[in-house]
Amino acid sequence: MGGGQWPVVLIITPLIGAALTPILARRRPQIAGYWALFVFSIVTLAAGVLMYRVSTQGPFSYYMGGWRPPLGIELRFDEFSASIGVICLIGWLSLMFSLAYAKHALPERRIPYYFALVLLCLGGMNGFAVTGDIFNLFVFLEILSLSGYALVAITGERIAELAAFKYLVMGAISSLSILLAVGFMYALTGTLNMTDLAMRLRDVEPFPVAVAVGALTLGFSVKAALLPLHIWLPDAHSIAPSPVSAILSGLVVKIGVLGMLRMYQILYKAQIFDLSALNTTLMWLGAISIVLGALFAMVQEDIKMMLAYSTISNIGYIFMGLGLASKYGIIGASVHIFNHALIKATLFLGAGALIHQTGYRNLEDLRGVGKAMPITSAAIAIGAISIVGIPPTAGFLCKWYIALGAIEAGRLFFAVTLLFGALFIFVYYIRMLNAFYFMPPAHPEILDVGEAPVTMLIPIVVLAMLCLLMGIFGRIPLSFIEPAVTNMLAPIGG
Amino acid sequence: MRRALTLALLILASVPLLYAVSLLPPVGSEDNPTYTYVVPHYLEEGPEETGCENIVTAVILNYRGFDTGGEVTVIFTALMAVFGVLLIPRPAEKVRQPESAVPVSPVTLFIVRTLAPFIVVFSVYQIINGHSTPGGGFQGGTIIGALLIAASLVMGSERTQRLLPEGVRRWLQPAAVLMFAVVGVTGMLLFGEYLSYPIEGEYLFLRVPFLTLVEIGIGVGGAAIVASIFWAMEGSDG
């Protein structure tokens, strides 16, 4: 082993930081934000070091307490774990955005708890991405889900509490189903380590494994809000404070997808049964999510509600890519995890800034805001163009890959669905941009509001730039994902 | 109708689950992998390698200590969630809490007061002896937490909270998370990995104190969190 303690820094620092937040901010709640930002800067540094290490040396392990698996818990840092890069980036920018936002949107007494919960959520996600042990995975899933439920309700509006409760009930069912699957796997093999599990699953009774796979798929699809398990998402994501929406929509739903990727890693390696039925189901549900998500988004008036439905549609793309089970399909899905996170964070933070400055959240009321807040509106426009997938922005590359994957798998129908989905998405974002730039304002006083405070503006601008750059430098995430997908599909000759 | 549908769905879902359970390796059979794979090592080497005569503690604090560290964080997250959702802005002036409609029975008050020291002694024993006998921080902490709730019910929350002033409470609530971090980082600096305990050599004497420290952290943190959640839900501040 020796040397690298960075995986520990990555996971433990945000948790310790969160534990200390209420103590430090007891007398002055406002310092909680700066403290959280400082703590998370250290975490981001650790993430940078770890990503550099995995890109130069390949995957590596860390044995907790020095106990080798299967005795103890292994942290396994592979290319999929590099998703901590996007977790840290969006987490850091959302925390920065929160500094000014929390002061305005939250009761003062709750501010320290808000920042503690955000740190816990981000730390939980880092742990989830890095662990190589399925029970440990569940523990981190609970940390991040629990903090997510509370963050939805933290503004204290009545409807927020209702949305959070719906989220909590659905989330608890999905966690339970994941825990059940973990229990089945342990009962069958006697091990919790993922690598070990893949080996030992080869010679066990296949039926209980199939049930466990079903339970995992159900659980992770609820977390990822795949149609028809999405019903908790629109309310939760639109009612939550905007930086929380960015984290939930950009990152937390992706945790469900990452969980699916981990499950596939084990299943492809174990090769105990044919996965084509599961893949076909995911592909169809993905296609239905794309179309219905986009259709629902088109009829929304509330800007954040529209973005929330658009998340469902984009999760559909990712699941379709996974279900295609061809190399390009999975690569496209994995890149879309990164790029959609960037784009959706841009859009939600941008929408947050608009709502923060104008006090309106309906498209009709927001007419003409393009003149009043040119920078924010431009950033939202870039995000909108990216999410439609117009080259050279970030969204183009992944949709292109997923379409290639569909053709590669001989599924032309799905490539067509993908194009139609992009068309629908285009329609509703055009509607939004039309309202911002070309319609006469419904409320004349909207022209007098200025841009948001600079700590809110910087994250939006940085994210918008990344949306553009990721289209041009799309090779960077690809360089992580391509070897990972090749490795994953190697046993089935993909 | 709706009820019938729900019932049908539940039955439909339970059939494959029950069938799958029937195919799992039977409990108690000697070739069940949960008994033959990792567990023999825990049983044979556990007390020697970890310093815990209680194998359950050896697993939860040592072999899989990182999971336990995560679980205490889940409990702490629950507290943060309760505070984040329930705490309302402090009123400008302290309003006196309305006395409960039914006066507390002197019998209950007497019993709680008389039993309190014994309850505390028992829970302290559970916490400190956790590494060698059944029990431990979680159990002991919950007992103290329950005692604090009982005391709040008979003496009123305000009087009970005076035992743990707010400044102290804020430190005790994350005690489990922080204690894990302290012991974990010390292990990392001295013995190589996070949450490592010495197996041999000159620091071996540190092992039992470290385990006890973690148990105390879990106990104190658990007690503070259980009581604080009760107080927050009652509306008298966490």
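Along each chain, numbering runs from 1 in the same order as the chain's sequence is written. Chain letters start at A and ligand numbers start at 1, both assigned in the order the entries are written. Owing to the predicted nature of the model, reporting of local features is limited to residues with pLDDT of at least 70; listing and counting of side-chain atom pairs is limited to 80 or more, with chain, interface and lining totals taken over all residues. Just so you know, side-chain values use all the structure's heavy atoms and leave hydrogens and water out.

1. Some remarks on the overall build of chain A
Alright, step 1. Secondary structure elements are taken from DSSP: a helix is a run of H or I of four residues or more, a strand is a run of E of two residues or more, and numbering for both begins at the N terminus. When you go through chain A residue by residue, the secondary structure sums to 19 helices and two strands.
Alright, step 2. For chain A, the spread of C-alpha atoms along the principal axes amounts to about 70 × 55 × 40 Å.
Alright, step 3. Each residue is assigned to one of three classes by its accessible area relative to the maximum for its type, calculated with a 1.4 Å probe on protein chains only: buried under 20%, partly exposed between the two thresholds, exposed over 50%. Taken over 494 residues, chain A has a buried fraction of 66%.
Alright, step 4. Note on definitions: a residue-residue contact is assigned when non-hydrogen atoms from the two residues lie within 4.5 Å. Across chain A, every contact between residues at least 6 apart in sequence was considered, and the portion connecting residues at least 24 apart equals 81%.
Alright, step 5. Reported accessibility uses the Shrake-Rupley method at a 1.4 Å probe radius. Residues are deemed covered only where the shown protein chains occlude them. When the accessible surface of chain A is summed, it comes to about 15,700 Å², and 69% of that surface belongs to carbon and sulfur atoms.

2. Here's the deal with the overall build of chain B
Alright, step 1. The number of helices and strands found in chain B is 11 helices and zero strands.
Alright, step 2. Mapped from its N terminus to its C terminus, chain B presents α and β elements in the order α-α-α-α-α-α-α-α-α-α-α.
Alright, step 3. In this treatment the radius of gyration is a C-alpha quantity, and the globule benchmark scales as 2.2 Å times the residue count to the 0.38 power. Here the C-alpha atoms of chain B give a radius of gyration of 23 Å, more than 25% beyond the 18 Å that 2.2 N^0.38 yields for 238 residues.
Alright, step 4. Viewed in the frame of its principal axes, chain B has a C-alpha envelope of about 65 × 65 × 35 Å.
Alright, step 5. Considering chain B as a whole, with its 238 residues, one finds that 44% of them fall into the buried category.
Alright, step 6. Sequence separation of at least 24 residues holds for 66% of the intrachain contacts in chain B that already meet a minimum separation of 6.

3. Thoughts on the packing of aromatic side chains
Alright, step 1. Classification of ring pairs rests on two measures: the distance between centres of Phe, Tyr or Trp rings, Trp counted by its six-membered ring, which must be within 6.5 Å, and the angle between planes, read as stacked under 30 degrees, edge-to-face over 60 and tilted in between. Tallied over the entire structure, the rule returns 24 aromatic pairs over all chains.
Alright, step 2. Judged by centre distance (4.9 Å) and plane angle (90°), the rings of Y149 of chain A and Y167 of chain A are edge-to-face. Here Y149 of chain A, found in helix α5 (residues 134-153), pairs with Y167 of chain A, found in helix α6 (residues 158-189); they are 18 residues apart in sequence, far enough to count as distant.
Alright, step 3. Look at Y149 of chain A and you get buried, because its relative accessible area is 8%.
Alright, step 4. Residue Y167 of chain A is classed as buried on the basis of its relative accessible area of 6%.
Alright, step 5. One aromatic cluster is present, built from ring pairs that chain together W67 of chain A together with Y42 and Y63 of chain B.

4. What about the interface of chain A and chain B?
Alright, step 1. If you look at the interface, chain A gives 59 residues, while chain B gives 56 residues.
Alright, step 2. Between chain A and chain B, roughly 5,000 Å² of surface is buried when both sides are summed, and carbon and sulfur atoms account for 72% of that area.
Alright, step 3. Two parts lose some accessible area (1.4 Å probe) when they are put together, and adding that loss for both gives the buried area. The largest contributions to the chain A side of the interface with chain B come from W67, L71 and R109 of chain A, which together make up 16% of the buried area.
Alright, step 4. In what follows, salt bridge is the name for a side-chain nitrogen of Lys or Arg lying within 4 Å of a carboxyl oxygen of Asp or Glu. Here R26 of chain A and E166 of chain B are joined by a salt bridge, their closest N and O atoms 3.6 Å apart.
Alright, step 5. For the purposes of these results, a polar contact is taken to be a pair of N or O atoms within 3.5 Å, where, inside protein, one atom must be able to donate a hydrogen and its partner to accept one; residues adjacent in sequence count only when each atom of the pair is a side-chain atom. For the pair chain A and chain B, the interface holds 12 residue pairs in polar contact (both at pLDDT 80 or more).

5. Side note on the pattern of salt bridges
Alright, step 1. Considering all chains together, one arrives at nine salt bridges over all chains under this definition.
Alright, step 2. One salt bridge in this structure joins D302 of chain A and R361 of chain A, with 2.9 Å as the shortest N-O distance. Placement of D302 of chain A in the loop between α11 (276-298) and α12 (303-324) and of R361 of chain A in the loop between α13 (327-358) and α14 (369-372) is noted, with a sequence separation of 59 residues between them.
Alright, step 3. Taking the shortest distance from any N to any O, the salt bridge between R170 of chain B and E166 of chain B comes out at 3.0 Å. You can see R170 of chain B and its partner E166 of chain B sitting in helix α9 (residues 166-172), four residues apart, about one turn around the helix.
Alright, step 4. Residue R170 of chain B is classed as buried on the basis of its relative accessible area, which comes to 5%.

6. Comments concerning a nonpolar patch on the surface
All names here are of chain A.
Alright, step 1. On the surface, a nonpolar cluster with roughly 640 Å² of combined accessible area is contributed by I375, V461, M465, L469, I472, F473 and I476.
Alright, step 2. It is helix α18 (residues 454-472) that contributes the most residues to the nonpolar patch, four residues altogether.
Alright, step 3. Among the structural elements, I476 can be located in helix α19 (residues 475-489).
Alright, step 4. On the basis of relative accessibility, which here comes to 48%, the residue I476 falls in the partly exposed class. Only residues whose relative accessible area exceeds 30% and that take part in no salt bridge are eligible for patches, with like-charged residues grouped when within 9 Å of each other and nonpolar side chains (Val, Leu, Ile, Met, Phe, Trp, Tyr) grouped when within 5 Å.

7. Some thoughts on helix α15 (residues 374-388) of chain A
Residues and elements named next belong to chain A.
Alright, step 1. With 15 residues, α15 extends 21 Å between its outermost C-alpha atoms, agreeing within 8% with the 21 Å of an ideal straight helix rising 1.5 Å per residue.
Alright, step 2. Buried within α15 we find T376, S377, A379, I380, A381, G383, A384, S386, I387 and V388.
Alright, step 3. Where α15 is buried, its residues meet α12, α13, α14, α16 (394-408), α17 (412-437) and α18.
Alright, step 4. Positive phi appears at G389, one or two residues downstream of α15, with a value of about 100°. The length a helix should cover is 1.5 Å for every residue beyond the first.

8. Thoughts on the side chain of H340 of chain A
Alright, step 1. Checked against the element boundaries, H340 of chain A lands in helix α13.
Alright, step 2. In contact with H340 of chain A, other than residues within four places in its own chain, are S249, K254, T311, N314, A345 and I387 of chain A.

9. Considering unusual backbone geometry
Residues and elements named next belong to chain A.
Alright, step 1. Note the cis peptide between P69 and P70, where omega equals 5°.
Alright, step 2. Considering the arrangement of structural elements, one finds P70 in the loop between β1 (60-63) and β2 (74-77).
Alright, step 3. A positive phi angle is found at A225, which is not glycine, with a value near 60°.
Alright, step 4. With respect to the helices and strands, A225 occurs in the loop between α8 (206-224) and α9 (233-239).
Alright, step 5. Phi at Q271 is positive, roughly 50°, even though this residue is not glycine.
Alright, step 6. With respect to the secondary-structure elements, Q271 resides in the loop between α10 (242-270) and α11.
Alright, step 7. Exposure remark for Q271: the relative accessible area of 47% places this residue in the partly exposed category.

10. Concerning the pairing of β1 of chain A
Residue and element names in this part refer to chain A.
Alright, step 1. Because side chains alternate across β1, one face comprises the buried residues F60 and Y62, and the other comprises S61 and Y63, equally buried.
Alright, step 2. Pairing between two strands is assigned when DSSP locates at least 2 bridges connecting them. Where β1 meets β2, four bridges bridge the pair, whose relative direction is antiparallel. Each residue of the ladder has a partner; that of Y63, found in β2, is E74.

11. A closer look at the packing of α8 of chain A against helix α1 (residues 2-23) of chain B
Alright, step 1. To get an axis, fit a line to the C-alpha atoms, keeping to the stretch in contact for a helix; angles then go from 0 to 180 degrees between the N-to-C directions. Running from N to C, α8 of chain A and α1 of chain B cross one another at 135°; their axes reach a closest spacing of 8 Å. As far as their axial angle goes, α1 of chain B and α8 of chain A are oblique. Judged by the twist between their axes, the crossing of α8 of chain A over α1 of chain B is left-handed. Where α8 of chain A abuts α1 of chain B, its residues F207, P208 and V211 of chain A lie against P16, L17, Y19, A20 and L23 of chain B.
Alright, step 2. Throughout this entry, Asp, Glu, Lys and Arg are counted as charged residues, while Ala, Val, Leu, Ile, Met, Phe, Trp, Tyr, Cys and Pro are counted as nonpolar. The remaining residues, Gly among them, count as polar. Counted by class, the contact of α8 of chain A with α1 of chain B contains eight nonpolar, no polar and no charged residues. Oblique is the label for any angle not under 35 degrees, not over 145, and not in the 65 to 115 range, which are roughly parallel, roughly antiparallel and roughly perpendicular in turn. Left-handed describes a crossing in which the near helix is turned anticlockwise from the far one by less than a right angle; the clockwise case is right-handed.

12. Some words on the packing of helix α10 (residues 175-191) of chain B against helix α11 (residues 207-234) of chain B
When two helices pack together, their arrangement is given by the angle between their axes and by how far apart the axes lie.
All names here are of chain B.
Alright, step 1. One can describe the packing of α10 onto α11 by two numbers: an axis separation of 7 Å at closest approach and a directional angle of 160°. In terms of their interaxial angle, α10 and α11 are classed as roughly antiparallel. Where α10 crosses over α11, the handedness of that crossing is left-handed. Residue-level inspection shows A175, A176, M179, F180, V183 and T186 of α10 in contact with α11, the latter providing F210, L213, V214, G217, I218, V220 and G221.
Alright, step 2. In terms of residue class, the contact of α10 with α11 is made up of 10 nonpolar, three polar and no charged.

13. Observations regarding the environment of A212 of chain A
All names here are of chain A.
Alright, step 1. Within the secondary structure, A212 sits in helix α8.
Alright, step 2. For the pair A212 and L141, spaced 71 residues apart in sequence, the C-alpha separation works out to 17 Å.
Alright, step 3. Residues contacting A212, with those up to four places away along its chain left out, are A181, F184 and M185.

14. Describing the nonpolar core
Alright, step 1. Definition used in this section: a nonpolar core is a set of buried Ala, Val, Leu, Ile, Met, Phe, Trp, Tyr and Cys residues joined via side-chain atoms within 4.5 Å. Within the largest apolar cluster, 246 residues are counted, with the highest numbers of intra-cluster contacts made by L10, M125, Y429 and M432 of chain A together with F66 and Y194 of chain B.
Alright, step 2. It is α10 of chain A that contributes the most residues to this core, 18 residues altogether.
Alright, step 3. Among all residues touching M125 of chain A, those that are not within four sequence positions of it are I87, L144, I247, L251, V252 and I255 of chain A.

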